[in-house]
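Residue-level structural notes
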Amino acid sequence: MHPDTIYGWISRYENYGIAAFSQGAGNKCYTKDFKLQCVRAYLKGEGSLNEIAARYNLKVIEDAAQAHGTKYKGKKVGTLSNAAGFSFYPGKNLGALGDAGATVTDNKELADKVRAWMDERLVRKFDRFVVLTQEDMQMWGEMPGIRVIPNAANFIADNYSDCSAKRVIAVGRLDYQKSFDRLIMVWEKVRKQMPDWRLDIFGQGEWQDMLQSMIDERGLQDCVKLNGPTKNIGKEYSESSMIVMSSHYEGFPMVMIEAMACGLPAVCFDFKCGPRDIIDEGENGLIVKDGDIEVLAEAIVKLMKDEELRKRMGESAKRVVETYSEDRVMGLWVNLFEEISRLRSK
């Protein structure tokens, strides 16, 4: 199950505090959004508090947390002042989500259970329930009345890529979700084999300084560039030869569809949700196990070395317009409303 529901619930409260992630080197204060990224990593089971803090160069003041009588890693979590731990809902023990919150665990098991319990109760009240992908539908199991209707894509291509440029593109907000830190680690390996290729990342966000530091530390300044948002992304797609996505998760990867419509094969981690609905493995793109840096690098290099394969996949990628055009998607909605109308008229 996709755990993001719990994050949305948490973020509705203005006064949540994540003091364990309040400060990093040099007492730099991080934004609330950045702190929430760390909570997401924790709830998804990507490591203990200490491990995640170390990853992002943040402090965890465990002694202070213990002094407040607060426990974590599967135990109840209460209110903290400015020390350590999580206080999503001050003054409450985070127990049943229906009232206050949720117990924090070292993996996403609880988040999954919480979503299943809350969402299934709600969904069963509807005549029909629409999700964006087949993958998402499968997560709901035998829930009655589910239909899949994807987002319609805004096709922006004035020109198509011929997949000859030695350039890879990535697009998205510079944050935890898009996880361009993983892509930079991948590129460090790619460069060793294909030093004449470059990576351009388009976006902005709270991770910009961190990502630039990663680029500088690895000596990748000559082949990896962070670019700000552009109003003419179609031009950038047409001047690239593949799109790479290293996201932890997506609601529905519109960037992938837009790039493929411009003739770019897609290479990505097997994140949830979307890639397996959009990519026909080996035909218009490549999907690798989520988080496998080595294998993603190998997939990228495979397309770099084989221009004929790259161009063939690019031609096939253009056909996403057949599935995600506005006319087709709106037709699915019209069919759904007609179905509901017939149901209600009985």
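Looking along a regular strand, one sees side chains alternate from face to face of the sheet. Within strand β3 (residues 167-171), five of the five residues are buried, which leaves it mostly tucked inside the rest of the structure. The side-chain alternation of β3 yields two buried faces, one formed by R167, I169 and V171 and the other by V168 and A170. Of the pairings in the sheet, the one linking β3 to strand β4 (residues 198-202) comprises five bridges and is parallel in character. Of the residues in β4, the one forming a bridge with A170 is I201. A crossover connection joins β3 to the parallel β4 through helix α7 (residues 180-193); in handedness this β-α-β unit is right-handed. In this structure, β3 lies alongside strand β6 (residues 242-245), joined through two bridges in parallel fashion. Paired with V168 across the two strands is M242, which belongs to β6.

Time to look at the pairing of β6. Neither face of β6 is exposed, since M242 and V244 on one face and I243 and M245 on the opposite face are all buried. For β6 and strand β7 (residues 266-269), the ladder comprises three bridges, and the chain directions are parallel. Each residue of the ladder has a partner; that of V244, found in β7, is V267. Chirality of the crossover, the property in question, places the unit of β6, helix α10 (residues 254-261) and β7 among those that are right-handed.

Glancing now at the pattern of salt bridges. Tallied over the full model, the rule gives 18 salt bridges. Measuring nitrogen to oxygen at the nearest pair gives 2.6 Å for the salt bridge that ties K166 to D196. Linking K166 in the loop between β2 (146-148) and β3 with D196 in the loop between α7 and β4, this pair joins segments that are 30 residues apart in sequence. Assessed through its relative accessible area of 43%, K166 is described here as partly exposed.

Conventions and cut-offs
- Residues numbered from 1 in each chain as written.
- Predicted model: local features only at pLDDT ≥ 70, side-chain atom pairs only at ≥ 80, totals over all residues.
- Heavy atoms only, no water.
- Buried < 20%, exposed > 50% of the residue type's maximum accessible area, 1.4 Å probe, protein only.
- Helix = DSSP H or I, 4+ residues; strand = E, 2+ residues; numbered from the N terminus.
- Pairing = 2+ DSSP bridges.
- Right-handed = clockwise from strand over helix to strand, strands pointing away.
- Salt bridge = Lys/Arg side-chain N within 4 Å of Asp/Glu carboxyl O.

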